[in-house]
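# Architecture and fold: a report
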Amino acid sequence: MEICFHCGDTCNNGVVIHNEKTFCCNGCKTVYDILHDNNLDYYYELEQVPGITPNVINGKFDYLDNDIIIKELLDFNEGNTQIASFLIPVIHCSSCIWILENLNRLNPNILTSQVDFPKKTVRISYSTKEISLKDVVVLLTKLGYEPYISLNDIKKDTKTKDRSLIYKLGVAGFAFGNIMFLSFPEYFEVNEFWLNQFKHIFRWLMLAFSLPVVFYSAQDYFKSAYKSLQSKFLNIDVPIALGVSVLFLRSVLEVVLNLGTGFFDSLSGLVFFLLLGKFFQQKTYNYLSFERDYKSYFPIAVTKLDTENLIDELQTKVYDLVPNDFILIRNEELIPVDGILKKGSAFIDYSFVTGEAKLVEKTIGDEIFAGGKHSGTPIVILVTKSVKQSYLTQLWNNDIFKTSTQNIFQSLTDKISQRFTKTLLFIAVLSAVTWIFIDISKSLNVFTAVLIVACPCALALAAPFTLGNLLRILGMNKLYLKKAEVIEQLAGIDAIVFDKTGTLTTNALHTISYKGELFSDEENNQLKNVLRASNHPLSRALFHHIKSDVCFNITNYSEDVGKGISANINNKTIKIGRFDFVTSESKSNTKSEFNQLQTTVHVSINEKYKGYYAFKNEYRKGFDNLLKQLSKNYQLIILSGDNSGEANYLSKVLPTDVQLVFNQNPDDKLEYVKTLQDKNKKVLMIGDGLNDAGALAQSNVGISISENINVFSPACDGILDASMFKNIPEFLQVSKKGVKIIKYAFFFSLFYNLIGLGFAITGYLKPVVAAILMPLSSISIVFFTTISTYFIGKQIMKNSYQS
């Protein structure tokens, strides 16, 4: 089989030979010519077969002639210079970066172009004298890098990156280093004349360095502790704020009263390590969107027709559509509003909204809902509701999207901190009271010493470093979580709900089977040649499925939209389509044979019925073994918008305790998850489309599975690359192991605290002891959690790839 020189795909539809190179289509050949003619052949040297097959344009970007829309999309517009940024999901290698940053060699009116690889975006500056925004987009599309432009792009949020944590960490680190440097003479009790002369100045300098640490770097801990106490809840920040306060106040008193050097080194070190842990945990995949709503999927504009003649076209922003407008929807375009079909026959794929993977036929007068994708010839729709009033928008306005169910989650650290804080205060008070009867002058020192040395620094570092490292490990294996806390929540899951269509099945592949009288080789060839003339999605899929290289001349070709196609070849009449189109036989005789199949295409030759092709979404490889493995530890439920046609098949291949629930609309899925939670179940929802968005938001953890992580994923806690679907059990194991590591780290922290308490209770806690013990406990915890997560992650991921 020949391989395309440009994109690397197999040439299933014939081979195009050009310049002694093979191409799968004229589109790839055209891109090669563009690059070759502009001396950009180096593109093919950076990567083997780096290209992407270009998309057919056919007026797709006519809305970019609208000045209002252009203004909304531009980042900069002054004089003859405009700048625009585009999301290009197909960017995947160094060749992509190279060609996109050399667009000026293809068109000199493009001034600069800069790629942000992690975010899959390109920022293009161009001169408007000879080129327009539409020309830029068309050029990108011709090269195979079609921008993803949605309704969300006209309401860009200019988000400023929050760097406050970095600044606070920098201040704490700077102060920590300088205070340690100034403390060395005190540690070793160096009796040198000049050091003794200036030690008071050194102490006041240490006090000065500690001020920004306490009042700037540590301010978030005080705020969090205050809010926690207001809520009558003790989180981990309460003992931290208490420890920092006692450290600072006692140290200030010692310096002011000239009683000692204080604990400024321990104070600054404590805050520095705490902020370092928070910074490590703040790993985010900012090139992914975990908060997408319907605006991320809708087109930015639509073709509006003149209400009088339905001929004159005007590219209009989707938000400007009002009831009684007429719009034109072309093949493969998304329908952005509710309306009534006024012209043409529509075949609409509502799987994005309902989850049911089949084309729904609509005829003139039928109601059509927003969110469906039309397949077939252009149709005209009378708008009945604006975008904001459509069914899809109402679905998104469910209360679950306005309230966060994650607020009820209490982390393991917070659970332990409640007992820790109460125990710490009890020990401090008990020790102080005891010393009143032994030596009252040491009572206050012992009380503050207990609070200082038992400050839960190591306790607070265990979770950030463990979860932060696991977040990175999971990300390397293509499970991208919104935040580190999700790992803890995953560890507590006891019920998993799977969507069927697009989750257990793949949208990228179809299983096509044939049932009926076998075709001869000649009939097989004739059938493929008739299919070649049709652009219907099922015709294209069947065309690629049938193996044939023989070409025939066809005559009397006709396509009855919504029914099928017919043509004559060598005095044979071939019909392909619906059962009642290809034959006059009674459907009742054969209905039982294919009524459970999602989609069927029937064939007759010379009015003789031959059989039918059945199209079904293909289940992901190993899905049955995966569910069998998960059923040992979790309650499993499969929810689907489809009918129960595949219930028999699933019940045979899946464990008997897996619950199958069909005919579920988006609201039904959300309510089902609620019902499980009412039974005290911790629910993990795994879905793919907008139809799962409510259930994903309602669940304790919602993970969206996606064939392309940069587009088409609803609001969720995590995005899983579809290629890693089989590793879900291993990911859940990673989360459980992570929680165990945190618990082990807590025990280590307790060990250090007991040693420190020994010094504090007996009244022998000196600054040098605290300066050694507190950083040592923090560093050892960081080392233990980092090494442990590395080896556990490596081991589990190794097992996943072997399975």
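Everything that follows concerns the structure shown earlier in this document.
Residues numbered from 1 in each chain as written. Predicted model: local features only at pLDDT ≥ 70, side-chain atom pairs only at ≥ 80, totals over all residues. Heavy atoms only, no water.

## Brief notes about the sheet that holds strand β10 (residues 339–343)
Taking strand neighbours across the sheet as the criterion, the six strands line up as β8-β7-β9-β15-β10-β13 in an open arrangement whose pairing is antiparallel. Since the sheet does not close on itself, it has two edges, and those belong to β8 (313–317) and β13 (367–368), each with one partner. (Pairing = 2+ DSSP bridges. Helix = DSSP H or I, 4+ residues; strand = E, 2+ residues; numbered from the N terminus.)

## Re a nonpolar patch on the surface
Where nonpolar side chains cluster on the molecular surface, the patch consists of Val429, Val433, Ile436, Phe437, Ile438 and Ile440 and spans about 630 Å² of accessible area. Looking at the nonpolar patch, the element that brings in the most residues is helix α13 (residues 412–438), giving five residues. Locating Ile440 in the fold gives a position in helix α14 (residues 440–453). (Patch = residues over 30% accessible without salt bridge, like charges linked within 9 Å, V, L, I, M, F, W, Y side chains within 5 Å. Areas by Shrake-Rupley, 256 points an atom, 1.4 Å probe, with all protein chains shown as cover. Salt bridge = Lys/Arg side-chain N within 4 Å of Asp/Glu carboxyl O.)

## Quick word on the nonpolar core
Counting 92 residues, the largest nonpolar core has Ile496 and Phe498 as its most contacted members. Sort the elements by how many residues they give to this core and helix α15 (residues 457–476) lands first, with 11 residues. If near-sequence neighbours (up to four positions away) are discounted, Ile496 is found in contact with Leu630, Tyr634, Gln635, Leu636, Ile637, Leu684, Ile686 and Leu732. (Core = buried A, V, L, I, M, F, W, Y, C linked by side-chain atoms within 4.5 Å. Buried < 20%, exposed > 50% of the residue type's maximum accessible area, 1.4 Å probe, protein only. Contact = heavy atoms within 4.5 Å.)

## Some words on the packing of helix α22 (residues 623–630) against helix α26 (residues 728–761)
One way to put it is that α22 packs onto α26 with a least axis distance of 9 Å and a crossing angle of 30 degrees. With respect to their mutual orientation, α22 and α26 come out roughly parallel. When α22 is examined against α26, the residues Leu626, Gln629 and Leu630 are found in contact with a partner set consisting of Ile728, Pro729, Glu730 and Leu732. Partitioned by chemical class, the residues of the contact of α22 with α26 number five nonpolar, one polar and one charged. (Axes fitted to C-alpha atoms, helices over the stretch in contact; angles between N-to-C directions. Parallel < 35°, antiparallel > 145°, perpendicular 65-115°, else oblique. Nonpolar A, V, L, I, M, F, W, Y, C, P; charged D, E, K, R; others polar.)

## A word on the packing of aromatic side chains
In this structure the tally under the stated criterion is 14 aromatic pairs. Here Tyr619 and Phe623 contribute two aromatic rings whose centre-to-centre distance is 4.6 Å and whose plane-to-plane angle is 20 degrees, an arrangement assigned as stacked. Each member of the pair, Tyr619 together with Phe623, is buried. Taken together through their ring pairs, the aromatic side chains of Phe176, Phe272 and Phe273 make up a single cluster. Over the aromatic face of Phe543 sits the side chain of Lys528, whose NZ or CZ is 4.7 Å from the ring centroid. (Phe/Tyr/Trp six-rings, centres within 6.5 Å; stacked < 30°, edge-to-face > 60°. Lys NZ or Arg CZ within 6 Å of the ring centre and 35° of its normal.)

## Regarding the pairing of strand β7 (residues 301–305)
Every other side chain in a regular strand lies on the same face of the sheet, so the side chains alternate between the two faces. In terms of burial, β7 is a largely internal element, four of the five residues being buried. Pairing geometry for β7 and β8, over five bridges, is antiparallel. Paired with Leu305 across the two strands is Glu313, which belongs to β8. Of the strand pairs in this sheet, β7 and strand β9 (residues 326–329) are connected by three bridges, and their pairing is antiparallel. Considered in β9, the bridge of Leu305 is made with Phe326.

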